[in-house]
Amino acid sequence: METNSKPPQTKWYAVKVLFESVHSGGSDQPKNEVNAENNMKLFEESIILAKDTNMEKAIEIAEKFAKKAEHESLNSFGETVKHQFVRQLHAFELNDDKITIGTEIYSRFIHVGQETSASDVIKRYYPEVLDEDGDSE
């Protein structure tokens, strides 16, 4: 008996991953100088495109790419900074088979209370936008 089963269709996925910059110390910076790098931790969200037959496999692909992206560098103060993969945060199945200009590659719904304004959402989830725009609210 002959079966005409088609191989599973591959789909595009956008996988959000998190990196952390870990400082080793040993700074050449004067101890009395205050700077944001010494008082803050730096994390990076990155979105990696992957194509496979299901989301779980796409996540595995993205995690492999994220681990390969780990690296070390020296910052402006002579410290070694390790850019380390932390974990996968979210995956999103793209609705389009072809990636072209205007293709949505990531979307996220943010659930908040009825009293929460758009400004409140920006302050909580995207505070860097306020700094870039010169807003101090």
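Use the structure listed above.
Fair warning: this is a prediction, and the values are worked out from it, not measured in the lab.

Asks: Would you mind going over helix α2 (residues 55–68) with me for this structure?
Replies: Along its 14 residues, α2 runs 20 Å from first to last C-alpha, staying within 8% of the 20 Å computed at 1.5 Å per residue. For α2, every residue scored as buried is listed here: Ala58, Ile59, Ala62 and Ala66. Angularly, the buried residues of α2 cover 100 degrees about the axis, an arc narrow enough to put them on a single face. For α2, the exposed residues set more than 90 degrees away from the buried face come down to Glu56, Lys64 and Lys68. Backbone nitrogen of Glu56 and a side-chain oxygen of the N-cap are separated by 3.1 Å at the start of α2; the cap is Asn54.

Asks: Would you take a moment to explain the nonpolar core for this structure?
Replies: The tendency in soluble globular proteins is for nonpolar side chains to be buried side by side. Counting residues in each nonpolar core, the largest one holds 12 residues, listed as Tyr13, Val15, Val17, Phe19, Ile48, Ala50, Ala58, Ile59, Ala62, Ala66, Phe85 and Ala91. Listed by contribution, the elements that provide at least two residues to this core are β1 (11–23), β2 (42–52), α2 and β4 (80–93).

Asks: What am I meant to see in the environment of His111 here?
Replies: Inspection of the secondary structure puts His111 in the loop between β4 and α3 (118–125). Placed 10 residues apart in sequence, His111 and Val121 show a C-alpha to C-alpha distance of 9.7 Å.

Asks: Just to check I follow, could you spell out the sheet that holds β2 for this structure?
Replies: To summarise the sheet geometry, strands pair through backbone hydrogen bonds and adopt either a parallel or an antiparallel arrangement. One open sheet holds the four strands; their spatial order is β2-β1-β4-β3, and the pairing between them is antiparallel. The open sheet terminates on both sides in strands that have one partner only, identified here as β2 and β3 (71–74). Strand-to-strand twist in this sheet, taken as the mean axis angle between neighbours without regard to direction, amounts to 30 degrees. In this structure, β3 lies alongside β4, joined through four bridges in antiparallel fashion. Its bridge partner being in β4, Ser73 is matched across the sheet by Val81. Along the sheet, α2 contacts β1, β2 and β4; its crossing angle with β2, the most-contacted strand, is approximately 130 degrees.

The rules we used
- Residues numbered from 1 in each chain as written.
- Predicted model: local features only at pLDDT ≥ 70, side-chain atom pairs only at ≥ 80, totals over all residues.
- Heavy atoms only, no water.
- Helix = DSSP H or I, 4+ residues; strand = E, 2+ residues; numbered from the N terminus.
- Expected span 1.5 Å × (residues − 1).
- Buried < 20%, exposed > 50% of the residue type's maximum accessible area, 1.4 Å probe, protein only.
- Arc of directions from axis to C-beta.
- Polar contact = N/O pair within 3.5 Å; in protein donor to acceptor, adjacent residues only side chain to side chain.
- Core = buried A, V, L, I, M, F, W, Y, C linked by side-chain atoms within 4.5 Å.
- Pairing = 2+ DSSP bridges.
- Axes fitted to C-alpha atoms, helices over the stretch in contact; angles between N-to-C directions.
- Contact = heavy atoms within 4.5 Å.

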